Amino acid sequence: MTAVDRPRLASLMEREEQRFVREHPRSRELHERARRTLPGGVPMHWMTKWASPFPVFVESARGAHFRDVDGHEYVDLCLGDTGAMTGHSPEATLAAVRRQLERGITHMLPTEEAAAAAELLATRFGLPEWQFTLSATDANRFALRLARAITRRPKILVFDYCYHGTVDETFATLREDGSVGPRRGNIGPAVDPGATTRVVEFNDVDALDRALAAGDVAAVLAEPALTNIGIVLPEPGFHEALRRLTLENGTLLILDETHTLCAGPGGYTAEHHLAPDMLVVGKAIGGGIPSGAYGFTAEIAARLATLTTLEDIDVGGIGGTLAGNALSLAAIHATLEQVLTPDAYSRMVPLAQRWTEGVERVLAAHAVPWHVTRLGTRAEYHFLPNAPRNGREAAAASDFELERYLHLAALNRGILLTPFHNMALMSPATTADDVDRHTAAFEETISQLVAVA
Ligand SMILES: Cc1ncc(COP(=O)(O)O)c(C=O)c1O
C-alpha cells in the first residue's frame, strides 16, 4: 500500500459508524440525556475525541477488561491513558483504599503511609526526597516553580510536541521560523509561551546547547522518551548530552516519568541509570486513585529549605488542600508495593513485544509501510516507514481521519486504544489472549483498508 484510498476510507468509516450506532443503543440514550447538562455529553470536553459517534458508557471495569452499558466486553489497551496501567481496580489497591476509606479520607495531617510511599519511590527512582500532589500536572507545575525559585532564572525548556499535562509554559511549539509560539489548540494562554519557554527538537543536541547557553533557563522538563506524539526514543548519547549540558549551564533537569513508567519499575530513569535533579510521576502510581509525586536530590532539598518561611509556607503557589491526602497515599503505597512490581513488569514487557510482533506481521503481510515502536510495556504504530527522530517528524505523519477509522474499527471488534494516537499499553492483568484479539482485529481492519487501495 502506498497511499490511503480516501473515498474507500470514508465509506469504511461510515460502515463502522453505522455498526457502532446499531450496537450501542443504551450508550446513545445515556449520551442524549447527558447532553442536556454536559457540553458534548461528557464530564470533560476531551472525552468527545473518541472515534465513535458518541462515547461508549462504561458499566464496569476490572483488570484488563471493561463492559459497556450495552453488555459488550472490551480488551482495554488504553487503560485510562496510563491511569489504569495497573489494570482496573487491582485487588491490593482496593484493599488498602477500603481500609483507608474507613479511617478518614483527608485530614491535612500525615499518616504512616506517607513515609512508606516515599520510601518506595526513593528506592525505585534513586531520589531521596518526595512530595505528593493529586496529579502529574500539579507535580510538574510545582517542580517548575521550585526550579525557577532555586535558580532565580525565568525560562524553562521543553521538547517540541511534548505533553506534561495542563502546564501553561509547556504548551509551546517551534514555529517554521524557529521562534516559539503557542501550540495549536492552546486555549486562552495567560501569556505567549514564547515569553516563558524555549523549545527544541528532541534528539537535537546542538539546538539544546544553543538554547541553554544564554544562562536563563531554570529547568529542562522532559519525558525521557516522548510518548505523547507517539513514542519517540532518545538516540544513543542523547541523555548523556542532556545531563552534561544542563550541568554545565546551571540548569536543573526534571524528568517526567508519568508515561515512561512503562520502561520498568523505576521508569526510564532507573532502567538507563539517569540522574535527574527532580523527577515527576503520576497517573498509575495510585492504581487510578488521583495521585502524583515529585522527587528531588538532597542538594535540591537543602536549597528548598531556604526558600520560604514557616509563616508563608502555605501561600507559595505550591500545594492544594487535598494534595498528600491519606487515601492517595494508601493507594500509592499498596500499588507500588504489590501491583506494579518487578514481577508484573516481567510479564507485561513480553506482552508488549507480542503486540508489536503481531502488528508488524499484519503490516508486512499487507505491505503497509508503518513503523512500530515499543518502550517496555507500551507500543505504538506510526504511519511512517521508520521510527520518527523527533516530535515534528512524528506529528507530520499523523493522519486524523485514518486514525479515527482504525480506532473505531478496533472498538467495534472489542478493543479500546487510546483516543490520542495508536497506542497499546499492557497491565499486570493483560493476557496473551487479549493481545491476540487485537492482532486478529487489526488484521481484519487492515485487510479491508488495503482491499482496493
Ligand atoms: C508525560 C505526562 N506528564 C504529565 C501528564 C499529566 O497527567 P495528569 O493529566 O494526570 O495530570 C501527562 C498526561 O497525559 C503526561 O503524558
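Residues numbered from 1 in each chain as written. Predicted model: local features only at pLDDT ≥ 70, side-chain atom pairs only at ≥ 80, totals over all residues. Heavy atoms only, no water.

Caption draft 1: Spotlight on the domain arrangement of the protein chain. Assigned domains of the protein chain: these are domain 1 (6–85 + 342–450) and domain 2 (91–339). A separation of 27 Å is found between the C-alpha centroids of domain 1 and domain 2. Opposite the 28 residues of domain 1 that make contact, domain 2 presents 35 residues. Carbon and sulfur atoms supply 59% of the area that domain 1 and domain 2 bury against each other, a total of about 2400 Å² over both sides. (Domains from an automatic or database assignment. Contact = heavy atoms within 4.5 Å. Buried area = accessible area lost by both parts, 1.4 Å probe.)

Caption draft 2: Main features of the sheet that holds strand S5 (residues 155–159). One open sheet holds the 7 strands; their spatial order is S4-S12-S11-S10-S9-S5-S8, and the pairing between them is mixed. In the strand order of this sheet, the two ends are held by strand S4 (129–133) and strand S8 (197–200), each with one partner. If you compare each strand with its neighbour and ignore which way they point, the axes differ by 20 degrees on average. Inspection of the sheet shows S4 paired to strand S12 (residues 292–296) by 5 bridges, in the antiparallel sense. Paired with Phe132 across the bridge in S12 is Ala293. Seen against the sheet, helix H7 (residues 238–248) touches S5, strand S9 (217–222) and strand S10 (252–256) and runs at an angle of roughly 140 degrees to S10. (Pairing = 2+ DSSP bridges. Helix = DSSP H or I, 4+ residues; strand = E, 2+ residues; numbered from the N terminus. Axes fitted to C-alpha atoms, helices over the stretch in contact; angles between N-to-C directions.)

Caption draft 3: Representation of the side chain of Asn203 in the model. Tracing the backbone through its elements, the reader meets Asn203 in the loop between S8 and helix H6 (205–213). Residue classification places Asn203 among the buried residues on the basis of a relative accessible area of 4%. A distance of 2.8 Å separates a polar side-chain atom of Asn203 from the backbone nitrogen of Glu235. (Buried < 20%, exposed > 50% of the residue type's maximum accessible area, 1.4 Å probe, protein only. Polar contact = N/O pair within 3.5 Å; in protein donor to acceptor, adjacent residues only side chain to side chain.)

Caption draft 4: Representation of the site of the ligand in the model. For the ligand, the set of nearby residues contains 13 residues, the closest of which are Thr137, Asn228, Asp256, His259 and Lys283. In the environment of the ligand, an oxygen atom lies 2.9 Å from a nitrogen or oxygen atom belonging to the side chain of Asn228. Between His259 and the ligand, the recorded distance is 3.2 Å, taken from a side-chain N or O atom to an oxygen atom. Protein burial of the ligand: of its 380 Å² of free accessible surface, 85% is covered by the chains. Here the shell around the ligand gets 3 residues from one element, more than from any other, and that element is helix H5 (residues 136–151). Split by residue class, the shell around the ligand holds 2 nonpolar, 8 polar and 3 charged. (Near = heavy atom within 4 Å. Areas by Shrake-Rupley, 256 points an atom, 1.4 Å probe, with all protein chains shown as cover. Nonpolar A, V, L, I, M, F, W, Y, C, P; charged D, E, K, R; others polar.)

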